[in-house]
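# Results of the structural survey
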Amino acid sequence: MIFRQIISKSGGCATYVFGCTQAGELFVVDPKYEMVDEIIELARDLGDMKIAYIIDTHTHADHLSGAKKLASLTNANVYYHELSQVKFKVERVKNGEEIKAGNVKIKVLHTPGHTPDSISVLIYDRRRDESWNEPWAILTGDTLFVGGLGRIDIGGENAEENLYYSLAKLKELPDYVEIYPAHTAGSVCGIGISGKPSSTIGFEKRFNSLFRINNKDEFVNRIREVKMPKPKEFDDYIRKNLEGVI
């Protein structure tokens, strides 16, 4: 299995490229617009693997998504959660939906809170587990960061409670499951984001002060106490990402 994490030089945005060499197919999750050429070059360097699946974990507010542009150059399908309000052609996925490519499988978890359409992506590798029952990693988007959580002021109605229940889903995963968020330090999309690019469910249960809260009322009150100024460019990025930029 191929797995690459690409972190942009500004904003701490993380893009993930992974897939099965046997099938010759790649998944690309959360491509940033400025990184599209780099992603295509990486696919070539990996043996001219085909970019077959492009996924945005949510409608991004802090940068331009490269999903539509990358799809136009590769003929890959773009996937968003069914609640997404994107106005261009995409495949809409539901909670629990799976996609397989050779020895690699992903499973979608709907994890709203940061945005209503937020998803996390579980990754399975049949070479590690022939039954495909045990995930080894999860791409948590802007739901769970290393050391922090996603901001909820663009999350819509009941965002605090939705985030609490989304995190409860993640806590059900085995402690050894690796987490890879959509941002590292430098992003304005979350609270207390670490510069560390990855972690595990178990580590975050132990050291992430907000993630380890297991009482809903306490969690909601703590989240509401956090005041983060909303960058003025958020609304513009959301509008452009819903329309799709090429």
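Going by an unreviewed UniProt entry, the protein chain carries the name MBL fold metallo-hydrolase and comes from Metallosphaera prunae.

## A few points about helix H1 (residues 36-45)
Residues Val 36, Ile 39, Ile 40, Leu 42 and Ala 43 constitute the buried set of H1. An end-on view of H1 places all buried positions within 155° of arc, on one side of the element. In this structure, H1 carries Asp 37, Arg 44 and Asp 45 as exposed residues pointing more than 90 degrees from its buried face. As for H1, its buried residues are in contact with strand S1 (2-7), strand S2 (14-20), strand S3 (25-29), strand S4 (50-55) and helix H2 (67-74).

## Looking at the sheet that holds strand S7 (residues 98-101)
Pairing between the strands of a sheet is mediated by backbone hydrogen bonds and can be parallel or antiparallel. Spatially, S7-S8-S9-S10-S13-S15 is the arrangement adopted by the 6 strands of the open sheet, whose pairing is mixed. Bordering the open sheet on either side are S7 and strand S15 (199-200), each of which pairs with just one other strand. In the sheet, S7 pairs with strand S8 (residues 104-110) via 4 bridges, with the strands oriented antiparallel. Paired with Lys 100 across the two strands is Lys 105, which belongs to S8. Of the strands in this sheet, S8, strand S9 (119-125) and strand S10 (137-141) are in contact with helix H3 (residues 159-171), which crosses S8 at around 150°.

Cut-offs applied
Residues numbered from 1 in each chain as written. Predicted model: local features only at pLDDT ≥ 70, side-chain atom pairs only at ≥ 80, totals over all residues. Heavy atoms only, no water. Buried < 20%, exposed > 50% of the residue type's maximum accessible area, 1.4 Å probe, protein only. Helix = DSSP H or I, 4+ residues; strand = E, 2+ residues; numbered from the N terminus. Arc of directions from axis to C-beta. Contact = heavy atoms within 4.5 Å. Pairing = 2+ DSSP bridges. Axes fitted to C-alpha atoms, helices over the stretch in contact; angles between N-to-C directions.

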